[in-house]
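Remarks on the overall topology
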Amino acid sequence: MPKTLFDRVWESHVVSEKAGGPALLYVDLHLIHEVTSAQAFDGLRLAGRGVRRSDLSIATMDHNVPTLPGRVTDPLARAQLDALRANCAEFGIPLYATGSGREGIVHVIGPELGLTQPGMTIVCGDSHTSTHGAFGALAFGVGTSEVEHVLATQCLPRPRPKTMRIRYSGELPFGVTPKDVILGTIGRIGIGGGVGYVLEYAGDAIGALSMEGRMTICNMSIEAGARAGMVAPDDTTFAYLESRPASPKGAAWEAALDRWRALRSDEDAAFDREVEIDVAELEPQVTWGTNPGMVAPIGGAVPDPSDYDDPDERAAIERALAYMGLEPNTLLRDVRIDRVFIGSCTNARIEDLREAAAVVEGQRVSSNVRAMVVPGSATVKRQAEDEGLDRVFEQAGFEWRNAGCSMCLGMNPDILAPGERCASTSNRNFEGRQGSGGRTHLVSPAMAAAAAIAGHFVDVRESVGART
Amino acid sequence: MKAFRSLTARAVVLDRPDVDTDQIVPKQFLKRIERTGYGEFLFYDWRRDPEFELNRPGSKGARILVTGPNFGCGSSREHAAWALSDYGFEVIIAPSFGDIFFSNAVQCGLVPVTLPADEVKALMTAVGEGGAVTVDLEAKTISDPAGRVVPFEMDAFVRHSLLNGLDPIAQTMGREVEIAAFEARFPSPVETTSL
């Protein structure tokens, strides 16, 4: 029977299965951070349980850490970071703490260390674990009880999800990035469209993307409601992985390549749902509302609730516009911004920073805008500095910070003030996400950079095109 | 985990789609390292509005929440389920749920009931301002204040776990022989301790 990529990874990790019940799935790698783990370790202690496989677990500090140098002054954040340190020491779990040189956002460091490999199962107490699917792994977020479950057993009982393939044809136009691809996709299928599914992103347009681009797309699978998204591994994947610290070496590398090349969907494999998208028709995207599905092309305008017949839809748009402080029919390019955030597990890898720097080079941030760049990891930061990107940003008036989740979720000192409007390369524009009362517009790194310079949203294709 | 069989209690209607976990419990409360005490942070920003549904007199003491589709979308924070439970909710009824929220709810004994969208709308109308609803997990029915008895579906394993208040970790640990056999056959490709 023909199989999908998902089928192959799923079936090779089923420990046991009973008819009518969930499968017991083996977890190859468990990523841990400070925010969703403390209660799980407490649960283990209360029940007198240990960590089954500390050698398949790894921890870092990302959500709470300040991105300016100095000690953590927030006592709650410090207690949570201290708890992670103590828990990792007690249970023998490797920890890349702040200052170790390998710290960073958990979904940036896994791939960069070579721990994320094709065909693996990966979980983490974080919904953006879907990022790792870019390597052909089955990777999904879990809650704290399931973190505890994996710590204790290295397994999770899971019902088998449905499968959806999103096939991208065409060639990405100039100035249209992977972020625009995924925002456009979410706009199309809706933020609940992927609930119950594992997505496979396929087609020539995906094959043409770098690993960074694929990670941006898989990262936001959860914003379409899907716990996981996957891309079949190929030569781009293998080139990225070769000679990373945790990648197989020598004969083991050759053997791994043989295994990994088999990880793909058969030509005639059946999916529960298929979606086709022509990327040639996509434009740079900007969200206007309070969820990632409330999105429009930069050439478009804020919608008018009176155009919608469905009362629930109309009410949701009215609520979103009231929160966002936007009038119906306003052109997106007329929306002025106060802040720019380039960072997060969606868009803080080296390629994202290069994309933004190319737009920024030789320009100045608008005098009304405060802009910052937060590399996804200490490694990304070093690499960017080796390439001189830090100077490009700083000379333009951007703040250049240390690695962390930063303003993606406002759990650290980097937050929006009430009413502030931000062009952000992160993944969620929910009410209050970046700070209570803050207004978030999701965009690509190039679009965020162009908005920083103009002081309002602009079509990056025109702002860059005008200079070249 | 507490076992759940049946509950008759006041319900409150929150007729909004896509209520995300950032609204259910905002990020600034995720720094605590305890599992309890999140009820006061539930819908923290929305509750500052005196007109918010949970602030109305008719919703006092409600233990059942009736809400719109895709409830609990967004982050994996189990704090959202903890906050709902700690506030006093035992059942959430919606046309659909965010995947991770659904799992988290079941893990802590908060009962997520899925009904077709039109049934949820009818239930919302019947509940009005604080009507009582009976959720019978054994019979898989919901009885509303208008006297209607609506059947619902639930995954058999999920229902069994909720009805019996099972500890899922203990269940998995009971399969040690199979887990050890799997590990012997398929060693994991990476080792985090040797980097």
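Throughout what follows, the structure given in this document is the object of discussion. As the structure is a computational prediction, the values presented were derived from the model and not from experiment. For every chain, the first residue of the written sequence is number 1, and numbering continues from 1 onward in sequence order. Chains and ligands are labelled by the order in which they are written, letters from A for the one and numbers from 1 for the other. Only residues with pLDDT of at least 70 are given local features in this predicted model, and only at 80 or more are side-chain atom pairs given and counted; all residues enter the totals for whole chains, interfaces and linings.

Each helix and strand counted, chain B has seven helices and seven strands in total. Helix and strand definitions here come from DSSP, where helices need a minimum of 4 consecutive H or I residues and strands a minimum of 2 consecutive E residues; each element is numbered from the N-terminal end. Going from the N terminus to the C terminus, chain B shows its helices and strands as β-α-β-α-β-α-β-α-β-β-β-α-α-α. In this scheme the burial state of a residue depends on its C-beta neighbours within 10 Å: 20 or more other such atoms mean buried, 12 or fewer mean exposed, and anything in between means partly exposed; the C-beta positions come from the backbone. The burial tally for chain B puts 42% of its 195 residues in the buried class. Our contact criterion uses C-beta atoms placed from the backbone: two residues qualify when those atoms are within 7 Å. Pairs at least 24 residues apart make up 70% of the contacts formed inside chain B by residues separated by at least 6 positions.

Moving on: the overall build of chain A. Along its length, chain A carries 16 helices and 19 strands. For the radius of gyration, the atom set is restricted to C-alpha positions; the globular benchmark scales as 2.2 Å times the number of residues to the power 0.38. Against the 2.2 N^0.38 benchmark of 23 Å for 468 residues, chain A shows a C-alpha radius of gyration of 21 Å, consistent with a compact globule. Along the longest, intermediate and shortest principal axes, the C-alpha atoms of chain A span 55 × 55 × 50 Å. Counting across all 468 residues of chain A, residues that qualify as buried make up 60%. Considering only residue pairs separated by 6 or more positions, chain A has 76% of its internal contacts joining residues 24 or more positions apart.

Every contact between the two is made by 47 residues of chain B and, on the other side, 65 residues of chain A. Mapped by element, the contributors of at least two residues to the side of chain B that touches chain A are helix H1 (21-24), helix H3 (99-107), helix H5 (156-164), helix H6 (168-173) and helix H7 (176-185) of chain B. Following the grouping adopted for this structure description, the nonpolar residues are Ala, Val, Leu, Ile, Met, Phe, Trp, Tyr, Cys and Pro, the charged ones are Asp, Glu, Lys and Arg, and the polar ones are all others, Gly among them. Taken together, the residues that form the side of chain B that touches chain A break down as 18 nonpolar, 14 polar and 15 charged.

We now examine the nonpolar core. Residues enter a nonpolar core if they are buried, belong to Ala, Val, Leu, Ile, Met, Phe, Trp, Tyr or Cys, and are joined to the set through C-beta atoms within 7 Å. The biggest cluster of nonpolar side chains holds 203 residues, and the ones touching the most others in it are A:Val340, A:Ala451 and B:Ile93. For this core, the element with the most residues is helix H15 (residues 445-454) of chain A, which contributes nine residues. With near-sequence residues (within four places) excluded, B:Ile93 lies in contact with B:Ile64, B:Val66, B:Val113, B:Leu115, B:Val120, B:Leu123 and B:Ile142.

The next thing to look at is the packing of helix H6 (residues 178-189) of chain A against helix H8 (residues 211-219) of chain A. Residue and element names in this part refer to chain A. Interaxial angles span 0 to 180 degrees and are taken between N-to-C directions of axes, which are lines fitted to C-alpha atoms, for helices over the stretch in contact. Contact pair H6 / H8: the axes reach a minimum separation of 8 Å and the direction vectors enclose 25 degrees. Here H6 lies roughly parallel to H8, going by the angle between them. As for the relative orientation of H6 and H8, their crossing is right-handed in sense. Every residue of H8 that contacts H6 at Pro178, Lys179, Val181 and Ile182 is listed here: Gly213, Thr216 and Ile217. Split by residue class, the contact of H6 with H8 holds four nonpolar, two polar and one charged. Roughly parallel means an angle under 35 degrees; roughly antiparallel means over 145; roughly perpendicular covers 65 to 115; every other angle is labelled oblique. Each crossing gets its handedness from the near helix: less than a right angle anticlockwise from the far helix is left-handed, clockwise is right-handed.

Take the pairing of strand E3 (residues 91-94) of chain B next. All names here are of chain B. Burial along E3 is two-sided: the residues Val91 and Ile93 and Ile92 and Ala94 are all buried. On the question of chirality, the crossover connecting strand E2 (residues 64-67) to the parallel E3 by way of helix H2 (residues 79-87) is right-handed. Pairing analysis gives four bridges linking E3 to strand E4 (residues 111-114), with the strands arranged parallel. Paired with Val91 across the two strands is Val111, which belongs to E4. Tracing the backbone out of E3, into H3 and back to the parallel element E4 gives a crossover that is right-handed. Whether a crossover is right-handed depends on one test, that the path from the first strand over the helix to the second runs clockwise when the strands point away from the viewer. Strands qualify as paired when DSSP identifies two bridges or more between them.

This brings us to the sheet that holds strand E17 (residues 399-400) of chain A. Residue and element names in this part refer to chain A. With respect to topology, five strands assemble into an open sheet ordered E17-E16-E15-E18-E19, the strand pairing being parallel. Whereas interior strands pair on both sides, the edge strands pair on one side only; in this sheet they are E17 and strand E19 (439-442). In the sheet, strand E16 (residues 370-373) pairs with E17 via two bridges, with the strands oriented parallel. Looking at the pairing, Val373 lines up with Trp400 of E17.

Moving on, we get to the pairing of strand E1 (residues 6-14) of chain B. All names here are of chain B. The pairing of E1 with strand E5 (residues 132-136) spans five bridges and is antiparallel. Of the residues in E5, the one forming a bridge with Ser6 is Asp136. As paired elements, E1 and E2 share four bridges and run parallel to each other. Across the sheet, residue Leu14 finds its bridge partner in E2, namely Thr67.

With that settled, the discussion passes to the sheet that holds E4(B). All names here are of chain B. Taken together, the seven strands give an open sheet; going across it, the order is E4-E3-E2-E1-E5-E6-E7, and neighbouring strands pair in mixed fashion. Two strands close off the open sheet at either side, each with one partner strand: E4 and strand E7 (149-151). Neighbour-to-neighbour, the strand axes of this sheet turn through a mean angle of 30 degrees, independent of strand direction.

Residue and element names in this part refer to chain B. Among all positions of H2, only His79, Ala80, Ala81, Trp82, Ala83 and Leu84 are buried. Residues of H2 that are buried in the fold lie against H1, E3 and H3. Directly beyond the C-terminal end of H2, a positive phi value near 125 degrees is found at Gly88.

Just distances and angles here, no functional claims.
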